[in-house]
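# A closer look at the structure
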Amino acid sequence: MNPRQVADYMFNQDYFSQWMNIRMIEVKENYCLLEMPIKKDMLNGLKTVHGGVTFAFADSALAFSSNNTGDAAVALNCVINFTKAGKEGDVFRAESILVNDTRKTAVYDIKITNQNNELVAKFVGTVYKIGKKVTDL
């Protein structure tokens, strides 16, 4: 399977990403660009996007980029910095780029922006390669 097919295979089983209405814009080996509309049920008590939603969106980008070669990888460590509050009606984009790759781990930079290309969050995720194929899980 090519990277897009692997990402589609994963997405079809990822009910949480489906609930978030994530759309895959572009998928290449060890890379993805996702889009997600912000819905009312994603807001917190301050009427801004819940931090967990933003984190989950970045985590989905990490998953679709780090597994799309067909070799399974799981999150080992993730750090997020929130830079701008999101609001209902916003459209978030997450771009995940591989920055370091070793035999057992890889590090990805994920930038989340809104429809105005303003930085909403910066996420760095480290994955551990578990030595299995995505389709075997």
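Structural notes, computed from the coordinates. (Residues numbered from 1 in each chain as written. Predicted model: local features only at pLDDT ≥ 70, side-chain atom pairs only at ≥ 80, totals over all residues. Heavy atoms only, no water.)

### Focus on the overall build of the protein chain
The criterion, for reference: Numbering goes from the N terminus for both helices and strands, where a helix is a DSSP run of H or I of at least four residues and a strand is a run of E of at least two. In this setup the radius of gyration rests on C-alpha atoms only. A globule is expected at 2.2 Å times the number of residues raised to 0.38. In this scheme, a residue with accessible area under 20% of its type's maximum is buried, one over 50% is exposed, and one in between is partly exposed, where area comes from a 1.4 Å probe on protein chains only. Note on areas: Shrake-Rupley, 1.4 Å probe, and residue coverage restricted to the protein chains presented here. Note that His is not counted, nor are the chain ends; the positive residues are Lys and Arg, and the negative ones are Asp and Glu. A charged residue contributes its charge at one atom only: NZ of Lys, CZ of Arg, CG of Asp or CD of Glu.
Check the secondary structure of the protein chain and you find three helices and six strands. In sequence order, the secondary structure elements of the protein chain are arranged as α-α-β-β-α-β-β-β-β. Whereas a compact globule of 137 residues would reach a radius of gyration of roughly 14 Å, the protein chain reaches 14 Å, a difference of no more than 12%. The buried share of the protein chain, reckoned over its 137 residues, is 40%. In the structure as shown, the protein chain presents an accessible area of about 7200 Å², 51% of it carried by carbon and sulfur atoms. Of the side-chain charges in the protein chain, 16 are positive and 15 negative, and the distance between the mean point of each set is 3 Å.

### A look at helix α3 (residues 51-66)
Formally: In a helix, the anticipated span is given by 1.5 Å times the number of residues less one.
If you check α3, its first and last C-alpha atoms are 22 Å apart, about what 16 residues at 1.5 Å a residue would give, namely 22 Å. The set of residues buried in α3 consists of Val53, Thr54, Ala56, Phe57, Ala58, Ser60, Ala61, Leu62, Phe64, Ser65 and Ser66.

### Considerations on the sheet that holds strand β5 (residues 105-113)
Definition in use: Any two strands between which DSSP finds at least two bridges are classified as paired. Lines are fitted to the C-alpha atoms to define the axes, a helix being fitted only along its stretch in contact, and any angle between axes, read from their N-to-C directions, falls within 0 to 180 degrees. The criterion used for residue contact is that any of the two residues' heavy atoms lie within 4.5 Å.
Taken together, six strands build an open sheet; the order of strands is β1-β2-β4-β5-β6-β3 and the sheet is antiparallel. Each edge of the open sheet carries a strand with a single partner, namely β1 (23-28) and β3 (71-82). Within the sheet, the average angular offset between the axes of one strand and its neighbour, ignoring direction, is 20 degrees. Relative to strand β6 (residues 119-133), β5 is paired through nine bridges, and the arrangement is antiparallel. Residue pairing across strands places valine 107 opposite threonine 126, the latter belonging to β6. Sheet strands in contact with α3 are β2 (31-37), β3, β4 (91-101), β5 and β6, and its direction is about 150 degrees off that of β2.

### Thoughts on unusual backbone geometry
Even without glycine at this site, asparagine 21 takes up a positive phi of about 60 degrees. Mapping asparagine 21 onto the fold places it in the loop between α2 (15-19) and β1. On the basis of relative accessibility, which here comes to 38%, the residue asparagine 21 falls in the partly exposed class. Despite not being glycine, lysine 47 shows a phi value in the positive range, around 65 degrees. The class for lysine 47 is exposed, based on a relative accessible area of 62%.

These figures come from the coordinates and say nothing about function on their own.
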